[in-house]
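One-letter residues, chain by chain:
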Amino acid sequence: MCQEMGKPLAQGKAEVMKCAYLVDWYAENGAEFLKDTEYPALPGFQKSFVTYQPLGLILSIMPWNFPMWQVVRMGVPTLMAGNGVLLKHAPNCFGSSLLCEELLKDLLPDGLFRSMILDVPQTNKVLEHPSIQGVALTGSEVAGRAVAAKAGSLLKKAVVELGGSDAYAILADCDLDMAAEAVVNARVANSGQTCIAPKRAIVEKSVKAAFEQKVVEKISRKKYGVDYGPLVHPVGRDQVAKQVVETQSQGAKLLCGGPDVKVPTSDCGKSFFPPTVLTDVRPGMTAFETEIFGPVISIIEAEDELEVIRLANQTHYGLAGAIFTSDLQKGERMAVKDIDAGMCFVNDFVRSDPSLPFGGVKSSGLGRECAAFGMLEFVNVKTICVK
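The shown structure was predicted, so the numbers you read here are calculated from the model rather than taken from an experiment.

> Help me out: how do you make sense of the overall build of the protein in this one?
Assigned secondary structure in the protein consists of 13 helices and 16 strands. Since a compact globule built from 387 residues should have a radius of gyration of about 21 Å, the 22 Å found for the protein is in line with a globular shape. Relative to its 387 residues, the protein shows a buried fraction of 51%. Contacts spanning at least 24 positions in sequence make up 72% of the contacts within the protein whose residues lie at least 6 apart. Put simply, the protein has 39 plus and 44 minus side-chain charges, and the middle of one group is 3 Å from the middle of the other.

The structure is reproduced here in structure tokens:
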């Protein structure tokens, strides 16, 4: 992973351990999810129940940002449900792709999990093949729309997990130090190349200056090669730089970082982009309207809690969000009723875990991964009645 997309070694090791945790979790809980579900018998019948049968062969189109975790998160529950998986990984991660196949080959019947070496234009042909019964994709909104539309035209099941412009609501009554720590840690991890990272920190006006100071202080302690690394490639770096410069030209203020920071001596320089903080970001600006896939924190001012929620939901994405407040009842109520997203945490950053469903609403995707919900995405929910 370090060689293919620049992930720091410590974070790569943590990713592998998380994969092992997911396997253990499904080994302990998966069979229970697949048990037949009894229902009251229809009049005149002895029994009625629902059984969960595998669909068959599922195409898995996975991204480069978590080369092992994304594959395992989709593949393990899908395989345990009785399906086969054909993996089409990102072209820069074919090494990780083949390693996944190597790890699984001794655990499964021959050929049940295979890694294909092919590029995007060939993927449609695979999806069209009559053996393929469904597709799971994690990637960009553009890719997700294309794959979901193609799958729909073929009447094949699609689960797509796409991008996000996650808003973290920083309310005036919160522990600012805890909020700043969570925002910085979540945004800098994986060099900011994470769909559920806090892209927008929406802060009540009365605490904005103090929050900015804490964020900049915590950013300054992050170490290159440990807490973050280079971006995936020069094209990705240049795109992030362009978005930051555009946002500045639209009136935002650069508090730290940016494209002019000197490249570390240990880096080749072509893909480096430092942790960056923009403030006074407003609707209409690039950093507010688009997903920046790099370590950039955008701070947006709100007059009060109502405006915090309005700004948080002012996006066509709906992957995740978080609320920071000392009033836990209020935070829970806002998370349940007000934040328009597939996931919302109170007083910490959002993360995926095999025990909880993962996915979004609006343009952030269709379907869920993880927990029972993810395991049952690619099964035939089959009604049985016996008279």
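> What should I look at first to understand the pairing of strand β12 (residues 296-302) in this one?
Burial analysis of β12 places six of its seven residues in the buried class, the great majority of the element. Pairing of strand β11 (residues 276-279) with β12 involves three bridges; the strand directions are parallel. Across the sheet, the residue bridging to Leu 278 is Ser 298, located in β12.

> What is the right way to look at the nonpolar core in this model?
The nonpolar side chains of soluble globular proteins are, as a tendency, buried together. Grouped together as the largest cluster of nonpolar side chains are 31 residues, with contacts concentrated most on Ile 170, Ile 196, Phe 211, Val 215, Ile 219, Ile 297 and Phe 324. In this view, Phe 324 contacts Tyr 168, Ala 169, Ile 170, Leu 171, Asp 173, Cys 174, Met 178, Ala 179, Ala 182, Asn 347, Asp 348 and Phe 349; residues no more than four positions away in its chain are not counted. Cys 19, Tyr 26, Phe 66 and Leu 79 belong to the second largest nonpolar core, which has 28 residues in total.

Quick notes on the rules
Residues numbered from 1 in each chain as written. Predicted model: local features only at pLDDT ≥ 70, side-chain atom pairs only at ≥ 80, totals over all residues. Heavy atoms only, no water. Helix = DSSP H or I, 4+ residues; strand = E, 2+ residues; numbered from the N terminus. Rg over C-alpha atoms; globule rule 2.2 N^0.38 Å. Buried < 20%, exposed > 50% of the residue type's maximum accessible area, 1.4 Å probe, protein only. Contact = heavy atoms within 4.5 Å. Lys, Arg positive; Asp, Glu negative; His and termini not counted. Charge placed at Lys NZ, Arg CZ, Asp CG, Glu CD. Pairing = 2+ DSSP bridges. Core = buried A, V, L, I, M, F, W, Y, C linked by side-chain atoms within 4.5 Å.

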